[in-house]
Amino acid sequence: MPNNNRTRMIAGNWKMNETYSEGVKLAQDLSNELKANPVDGVDVVVCPPAIDIKGVSGVIEFDHAPFALGAQNCYWEESGAYTGETAPNMLVDAGCTYCIIGHSERRGYFGETDEDVSKKAKALIAHDIVPILCCGESLEVREAGTHVSFVVAQIKAALSGVEIADGSKLVIAYEPIWAIGTGKTATADDAQEVCGAIRGALNDIYGADKADAIRVLYGGSAKPGNVAGFLSQPDVDGALVGGASLKAPDFAAMVEKAGE
Ligand code: PEP
């Protein structure tokens, strides 16, 4: 159990994995795992690819699956000639209450900037979708020893002009790029160093009352065997999970650890 007022969160980022039918099956399997071993006091979020969202939404609605639905990306406009994009109101209509933004893969492969992330955050918040805003440094920055100031600057830029009614309306995910999908994890102390600095930056932006309620997650090769170490840190409120979220028993085991 956390020794603060923040409810822990375990969020799964399926990335570009699972066809529609595979996604429905994975959501059903996860629902069954979580129902067989109910865990109180943990917010569980599943972020499938866009094409799977409606199917997973059906599993939540009809099987009463005990998790919330998130998207992996969105655009900031309401509608119009933006081929291939998805607007926040479309996510709302499909049942999403969370959306990942600023993931390092979107920044690296698709050129997403802090300015884009800020526009996406504002658009999502206007539709009452909670952004899961990702930040994190490359190996080069980490080796130069400037990772803390790099991540703090990233957070301040991405949250520029982003207003929140309270801390429950925003989630931050610290994901060092060198630890994503590589099997190389940051240590729990590494995660705390940066997550603590992120909370300091949130304090500067929003003041202590709001900042204290914002969840800060760790992500990067998190799995059942190492998640407890991260969760034991005072400023780590959960995990954003890639690879391990594709195996229902592993993801459910991480939810269970978060409930301990
Ligand atoms: C991610 O990309 O959000 C992630 C944390 O991936 P993985 O757990 O596979 O490192």
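The coordinates are above.
Residues numbered from 1 in each chain as written. Predicted model: local features only at pLDDT ≥ 70, side-chain atom pairs only at ≥ 80, totals over all residues. Heavy atoms only, no water.

Across its full length, the protein holds 11 helices and eight strands. For the protein, whose C-alpha radius of gyration is 17 Å, the value lies close to the compact-globule estimate of 18 Å for 260 residues. Over its C-alpha atoms, taken along the principal directions, the protein stretches across nearly 45 × 45 × 35 Å. Within the protein, buried positions represent 51% of all 260 residues. Residue pairs in contact within the protein that sit at least 24 positions apart in sequence constitute 74% of those at least 6 positions apart. (Helix = DSSP H or I, 4+ residues; strand = E, 2+ residues; numbered from the N terminus. Rg over C-alpha atoms; globule rule 2.2 N^0.38 Å. Buried < 20%, exposed > 50% of the residue type's maximum accessible area, 1.4 Å probe, protein only. Contact = heavy atoms within 4.5 Å.)

Let us now look at helix α11 (residues 248–259). Helix length check: α11 (12 residues) gives 17 Å between terminal C-alpha atoms against 16 Å at 1.5 Å per residue, within 8%. Those residues of α11 not exposed but buried are Ala248, Phe251, Ala252, Met254, Val255, Ala258 and Gly259. For α11, the angular spread of the buried residues around the axis is 155°, confining them to a single face. Buried positions along α11 lie against β1 (8–13), α1 (20–36), β2 (42–47), α10 (227–231) and β8 (238–241). (Expected span 1.5 Å × (residues − 1). Arc of directions from axis to C-beta.)

Moving on to the packing of α1 against α11. It is the contact of α1 with α11, at a shortest axis distance of 9 Å, that shows an interaxial angle of 40°. In terms of orientation, α1 and α11 fall into the oblique class. Along this stretch, α1 crosses α11, giving a crossing that reads as right-handed. Between α1 and α11, the contacting residues are Leu26, Asp29, Leu30, Glu33 and Leu34 on the first element and Ala248, Pro249, Phe251, Ala252 and Val255 on the second. Residue composition of the contact of α1 with α11, by class: eight nonpolar, no polar and two charged. (Axes fitted to C-alpha atoms, helices over the stretch in contact; angles between N-to-C directions. Parallel < 35°, antiparallel > 145°, perpendicular 65-115°, else oblique. Left-handed = near helix turned anticlockwise from the far one by under 90°. Nonpolar A, V, L, I, M, F, W, Y, C, P; charged D, E, K, R; others polar.)

So, on to the sheet that holds strand β6 (residues 171–174). Pairing in this closed barrel of eight strands is parallel, and the strands run β1-β2-β3-β4-β5-β6-β7-β8 around the ring. Taking each pair of neighbouring strands and ignoring which way they run, the sheet shows an average axis angle of 25°. With two bridges joining them, β2 and strand β3 (residues 68–71) adopt parallel strand pairing. Residue pairing in the sheet places Val45 in a bridge with Ala68 of β3. Contacts between helix α5 (residues 114–126) and the sheet are confined to β4 (98–101) and β5 (130–135), with β4 contributing the most and set at about 175° to the helix. (Pairing = 2+ DSSP bridges.)

The next thing to look at is the packing of helix α7 (residues 147–158) against helix α8 (residues 188–206). Relative to each other, α7 and α8 sit at 35°, their axes nearing to 9 Å. Classified by chirality, the crossing of α8 by α7 is right-handed. Contacts between α7 and α8 involve His147, Val148, Val151, Val152, Ile155 and Lys156 on the former and, on the latter, Glu193, Val194, Ala197, Ile198, Ala201, Leu202, Asp204 and Ile205.

Residues in close proximity to the ligand total 15 residues, the closest being Lys15, His103, Glu175, Gly181 and Ser221. Between the ligand and Glu175, the relevant distance is 2.8 Å, taken from an oxygen atom to a side-chain nitrogen or oxygen of the residue. With respect to the ligand, the backbone of Gly242 contributes an N or O atom lying 2.8 Å from an oxygen atom. Looking at the shell around the ligand residue by residue, the class counts come to four nonpolar, eight polar and three charged. (Near = heavy atom within 4 Å. Polar contact = N/O pair within 3.5 Å; in protein donor to acceptor, adjacent residues only side chain to side chain.)

Okay, the environment of Ile177 next. Its place among the elements puts Ile177 in the loop between β6 and α8. Each C-alpha atom of the pair Ile177 and Gly243 lies 14 Å from the other, and the pair is 66 residues apart in sequence.

In this section: the packing of aromatic side chains. Applying the stated criterion across every chain yields a total of five aromatic pairs. Between Tyr109 and Phe110 the ring centres are 6.4 Å apart and the planes differ by 85°, which places this aromatic pair in the edge-to-face class. The same class applies to Tyr109 as to Phe110, namely exposed. Feature note: the residues Tyr75, Trp76 and Tyr82 constitute an aromatic cluster, connected by ring pairs. (Phe/Tyr/Trp six-rings, centres within 6.5 Å; stacked < 30°, edge-to-face > 60°.)

Tallying each qualifying case throughout the model produces 13 salt bridges. A salt bridge links Arg199 to Asp237; its shortest N-O distance comes to 2.7 Å. Of this pair, Arg199 sits in helix α8 while Asp237 sits in the loop between α10 and β8, placing them 38 residues apart in sequence. Given the relative accessible area of 8%, Arg199 is considered buried. For Asp237, a relative accessible area of 2% gives the class buried. Bridged by salt links that share partners, the residues Arg6, Arg199, Asp235 and Asp237 form one connected network. (Salt bridge = Lys/Arg side-chain N within 4 Å of Asp/Glu carboxyl O.)

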